[in-house]
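Close look at the chain arrangement
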Amino acid sequence: MKDTFDIPSPCFVMEEQKLIDNLKRIHHVSQLAGVDLILAFKAFAMWGAFPIVKGYVKGATASSLNEVLLCNEKMGTKSHTYCVAYDTSEFQDIVNGSSHLTFNSLSQYDLHEANVPDEVSIGLRINPEWSDVKTELYNPASSGSRLGINSEALDHLPARVEGLHLHVLCESDSFALEQVLQHVEAKFGKHLRQVKWVNLGGGHLVTEKDYDTAHLVSLLKAFKSKYEVDLIMEPGSAFVWQTGRLYTTVLDVVKNGGVNTAIIDASFTCHMPDCLEMPYRPHVYGASQEKRTDAIGYRLGGVSCLAGDYLDTYWFDKEVSVGDQLIFEDMMHYTMVKTTMFNGIKHPSIGIQKVDGSFEVLRKFGYEDYRDRLS
């Protein structure tokens with residue numbers, strides 16, 4: 001696939017119109033249900049797109065001081081902040097940049113509560129001990145999880161707690177959320193009428209084409225009415241679901257032991273880690289993931305020295321050659337925020353394809369970016 005504009009390789013390319021379409025759907029759900037949907041930086045923090053995002057949502061959620069500062073600077077608002085643990089040396093700066101502050105444990109609440117001004121709303125993260133997430137690496141509700149407070153440890157709410165926060169989903173549907181809420185009610189029901197807000201976290205894939213938004217809206221409105229609370233949702237992937245690609249170029253084709261491997265100028269471990277961790281298997285333009293007798297199979301190999309930096313076989317209608325462009329679909333969420341410069345490998349550029357069809361490179365990376373991460 002070749003586009004009419006010149007894209008550097010490798011390059012993450014956001015498609016502006018697709019982002020706008022997602023934002024419109026998110027805004028519509030927010031209005032219908034009467035809930036706040038805010039952007040989770042943990043999945044997407046490409047601030048060059050924030051001027052568009054700000055037209056549709058009120059704010060963002062942060063999980064570190066750096067994300068708090070990014071929210072303040074580039075979203076122009078204070079953040080809903082949750083950190084697994086707060087570093088005392090950073091705490092005042094985090095508080096100053098936050099409208100909501102959630103603690104992961106009662107010990108963290110006891111340590112820091114006195115330093116939180118009255119205008120910042122305090123919450124506790126709870127663990128409903130149920131999730132539909134099958135990959136343990138991504139399951140916050142697993143046995144012995146360090147994330148959130150179990151019901152038996154929360155006999156009563158501390159005096160200043162105004163909200164409860166939970167996050168146990170990952171690219172899930174509204175029916176999974178329904179089950180989560182049933183567990184929340186069963187385990188934390190006595191606290192729900194005492195708080196002002198409940199943050200339902202992320203993992204709500206509301207922009208996926210088969211997502212039942214009518215069921216979601218009904219579910220949220222019923223829960224809000226029953227407990228008279230404000231509801232907050234902070235999806236990350238949903239904002240940028242299927243809104244952009246990673247453009248790469250084939251550098252070499254290695255044939256060894258009957259296996260063909262097309263080596264690209266990017267890396268799965270460096271630039272697309274969910275492909276190895278989740279594992280997430282992206283679509284590649286012009287290739288099939290299903291074995292075909294009339295096609296040629298190629299592993300797709302990253303350019304790092306990690307032995308496992310590859311994806312198993314994709315099938316192509318013709319031979320893959322040096323210089324060919326390979327395009328990975330749906331590469332906006334959990335990519336740029338998780339990239340590394342392992343091996344000093346060139347970081348993909350970041351660009352945006354505008355609604356009018358024009359293309360703009362927002363950022364290129366070079367030696368100085370690699371050098372200045374070290375000392």
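Look up: the structure comes first, before these words.
Presented here is a report on the structure given in the accompanying data block. Treat the numbers as computed from the prediction; the structure is a model and nothing was measured.

Enumeration over the complete set of coordinates arrives at 19 salt bridges. The closest approach of N and O atoms between Asp369 and Arg363, which form a salt bridge, is 2.6 Å. Judged by relative accessible area, Asp369 falls into the partly exposed class, the value being 23%. Each of Glu15, Lys18, Arg245 and Glu329 takes part in a single network of salt bridges with overlapping partners.

Among soluble globular proteins, nonpolar side chains are generally buried collectively. Core analysis: the largest hydrophobic core is formed by 99 residues, its most contacted members being Phe44, Leu101, Phe103, Val198, Leu220, Leu300 and Phe328. Among the elements that make up this core, the one with the highest residue count is helix H6 (residues 174-192) (7 residues). Counting residues in hydrophobic clusters, the runner-up holds 6 residues, among them Ile7, Cys11, Ile327 and Phe359.

Next up on the list: the packing of H6 against helix H7 (residues 213-227). Taken N-terminus to C-terminus, the directions of H6 and H7 make an angle of 10°; their axes are 11 Å apart at the nearest point. By the angle class used here, H6 and H7 are roughly parallel. Along its contact with H6, which presents Ser174, Phe175, Leu177, Glu178, Leu181, Glu185, Gly189 and Leu192, the element H7 presents His215, Leu216, Leu219, Leu220, Phe223, Lys226 and Tyr227.

Further remarks concern the packing of helix H1 (residues 16-33) against H7. As a packed pair, H1 and H7 sit with axes 9 Å apart at the nearest point and diverge in direction by 35°. Here H1 and H7 pass one another in a crossing that is right-handed. Residues Arg25, Val29, Leu32 and Ala33 of H1 touch H7, and the partners they reach there are Thr213, Leu216, Val217, Leu220, Lys221 and Lys224. Tallied by class, the residues present in the contact of H1 with H7 amount to 6 nonpolar, 1 polar and 3 charged.

Read from one edge to the other, the open sheet built from 9 strands follows the order S2-S10-S9-S8-S7-S6-S5-S4-S3, with strand pairing classed as parallel. Edge positions in the sheet fall to strand S2 (36-37) and strand S3 (39-40), since each has one partner strand and no second. Here strand S4 (residues 60-62) pairs with strand S5 (residues 79-83) via 2 bridges, running parallel. Within S5, the residue paired with Ala62 across the bridge is Thr81. Where helix H4 (residues 88-96) meets the sheet, its contacts fall on S5 and strand S6 (98-103), and the angle it forms with S6 comes to roughly 135°.

Taken residue by residue, a regular strand's side chains alternate between the two faces of the sheet. By the criterion of burial, S6 is predominantly enclosed, with 5 of the 6 residues buried. Bridge count for S5 against S6 is 5 bridges, and the pairing is parallel. Each residue of the ladder has a partner; that of Thr81, found in S6, is Leu101. Assessed by its sense of winding, the connection that carries the chain from S5 through H4 to S6 is right-handed.

Reading the values: rules and limits
Residues numbered from 1 in each chain as written. Predicted model: local features only at pLDDT ≥ 70, side-chain atom pairs only at ≥ 80, totals over all residues. Heavy atoms only, no water. Salt bridge = Lys/Arg side-chain N within 4 Å of Asp/Glu carboxyl O. Buried < 20%, exposed > 50% of the residue type's maximum accessible area, 1.4 Å probe, protein only. Core = buried A, V, L, I, M, F, W, Y, C linked by side-chain atoms within 4.5 Å. Helix = DSSP H or I, 4+ residues; strand = E, 2+ residues; numbered from the N terminus. Axes fitted to C-alpha atoms, helices over the stretch in contact; angles between N-to-C directions. Parallel < 35°, antiparallel > 145°, perpendicular 65-115°, else oblique. Contact = heavy atoms within 4.5 Å. Left-handed = near helix turned anticlockwise from the far one by under 90°. Nonpolar A, V, L, I, M, F, W, Y, C, P; charged D, E, K, R; others polar. Pairing = 2+ DSSP bridges. Right-handed = clockwise from strand over helix to strand, strands pointing away.

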